[in-house]
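Chains, contacts and geometry: an overview
For reference, the chains in residue letters:
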Amino acid sequence: MLLDAFDRKIIAALQADGRLANVDLAEKIGLSPSPCLRRVKRLEREGYIESYRASLDRARIGLGFTVFVGVRIEGHANDRAGCFEDAVLAMPEVIACHMVSGAVDYLLEVVVPDLAGYQKFLIGKLLALSMVREVQSSIAINSLKAGAPLPLDHLGVAQSSSNSRSAT
């Protein structure tokens, strides 16, 4: 990771507002527009910036019911895990999926309109998968923080002394 102070400022600013015009971004981080744009393009090309998207209000678009689902699969063979992962990737209701250690194998974040929508998802999709052995559902009562920007403070410590690139 070769990110200097300007790169860190760019990714922090774009996490906060991905619609910033290059001129506004350049002013915000203290660079002229041309070198700022070159840095943004490099950060995109090198995979630091994966994409840009709008953050939607779940409740406002009718997806105000969030459930965290722990899933245990039958056995631990790679082919079963791969089939499960492929199936989950194809389910639009699953907005996050993590392989975890502990009592369950996977932790899913599922969004649906309501409890009836979750029942339909659970019975019609998740439990229909032959490799699913057990499911534990936890309904979110209130979301205090979701989809927050990634923390970047750790980048400033080790990177600033190892990177001697100029601002342009």
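As a starting point, this report considers the structure included with it. Numbering of residues starts from 1 in every chain and runs along the sequence as written. pLDDT decides what is reported in this predicted model: residues at 70 or higher carry local features, side-chain atom pairs at 80 or more are listed and counted, and totals for whole chains, interfaces and linings draw on all residues regardless. Think of the side-chain values as coming from all heavy atoms in the structure, minus any hydrogens and water.

**Comments concerning the environment of Pro35**
- A run of DSSP states H or I qualifies as a helix once it reaches four residues; a run of E qualifies as a strand once it reaches two. Both are numbered from the N-terminal end. If you trace the backbone, Pro35 turns up in helix H3 (residues 33-45).
- Classification of Pro35 by relative accessible area gives buried; the value is 6%.
- Expressed as a C-alpha distance, the spacing of Pro35 and Asp114, which sit 79 residues apart in the sequence, is 48 Å. Buried residues are those whose accessible area, probed at 1.4 Å on protein chains only, stays under 20% of the maximum for their type, while exposed residues exceed 50% and partly exposed ones sit between those limits.

**Focus on the environment of Val69**
- In this structure, Val69 sits in strand S1 (residues 65-73).
- Residues Val69 and Tyr52, 17 residues apart in the sequence, show an inter-C-alpha distance of 27 Å.
- Contacts: residue pairs with any heavy atoms within 4.5 Å of one another. With near-sequence residues (within four places) excluded, Val69 lies in contact with Tyr106, Leu107, Leu108, Val110, Tyr118, Leu126, Val135, Gln136 and Ser137.

**Observations regarding the nonpolar core**
- Working definition of a nonpolar core: buried Ala, Val, Leu, Ile, Met, Phe, Trp, Tyr and Cys residues. They are joined through side-chain atoms within 4.5 Å. In this structure, Val71, Phe84, Leu108, Tyr118 and Leu126 are the most contacted members of the largest nonpolar core, which totals 22 residues.
- Residue assignment for this core shows that the elements contributing at least two residues are S1, helix H4 (78-89), strand S3 (106-112) and helix H5 (115-126).
- In terms of residue count, the dominant contributor to this core is S1 (5 residues).
- If you look at the next biggest cluster of nonpolar residues, it comprises 15 residues, including Ala13, Ala26, Leu31 and Cys36.

**Let's talk about the side chain of Glu93**
- Counting through the fold element by element, Glu93 comes out in the loop between H4 and strand S2 (94-99).
- A residue is classified by how much of its surface remains accessible, and Glu93, at 18% relative accessible area, is buried.
- The residues contacting Glu93, other than those within four sequence positions of it, are Glu109, Val110, Val111, Val112, Phe121 and Lys125.

**Comments concerning helix H2 (residues 22-29)**
- Listing the buried residues of H2 in full gives Leu25, Ala26 and Ile29. Projected down its long axis, H2 shows its buried positions confined to an angular sector of 100°, all on one face. Exposed residues on H2 whose side chains face more than 90 degrees from its buried face are Val23, Glu27 and Lys28.
- On the buried face of H2, the contacting elements are helix H1 (5-16) and H3.
- Among the residues trailing H2, Gly30 stands out with phi positive, at a value near 90°. When we speak of the arc, we mean the arc of directions from the helix axis to the C-beta atoms.

**Thoughts on the sheet that holds S2**
- A sheet is described by the order of its strands in space; here 4 strands give the open sequence S2-S3-S1-S4, paired in antiparallel fashion. Looking at strand neighbours, the two that pair on one side only are S2 and strand S4 (132-139), the edges of this open sheet. Pairs of neighbouring strands in the sheet enclose a mean axial angle of 20°, with direction left out of account.
- With axes taken as lines fitted to C-alpha atoms, and helix axes fitted only over the stretch in contact, angles between N-to-C directions fall between 0 and 180 degrees. The strands that H4 touches are S1, S2, S3 and S4; relative to S3, the one it contacts most, it runs at about 20°. Pairing between strands is defined by DSSP: at least two bridges between them are needed.

**Notes on the pattern of salt bridges**
- Criterion for a salt bridge: a side-chain nitrogen of Lys or Arg within 4 Å of a carboxyl oxygen of Asp or Glu. Summed over all chains, the structure comprises 8 salt bridges.
- Between Lys41 and Glu44 there is a salt bridge whose closest N-O contact spans 3.8 Å. On the criterion of helical spacing, the pair formed by Lys41 and Glu44 is a turn pair, its members being 3 residues apart in helix H3.
- Take Lys41: its relative accessible area is 45%, and that puts it in the partly exposed class.
- On the basis of relative accessible area, Glu44 is assigned to the partly exposed category, the value being 27%.
- Notably, a salt bridge pairs Arg72 with Glu134, separated by 3.5 Å at the nearest N-O pair.

Function cannot be read off these values alone, since they describe shape.
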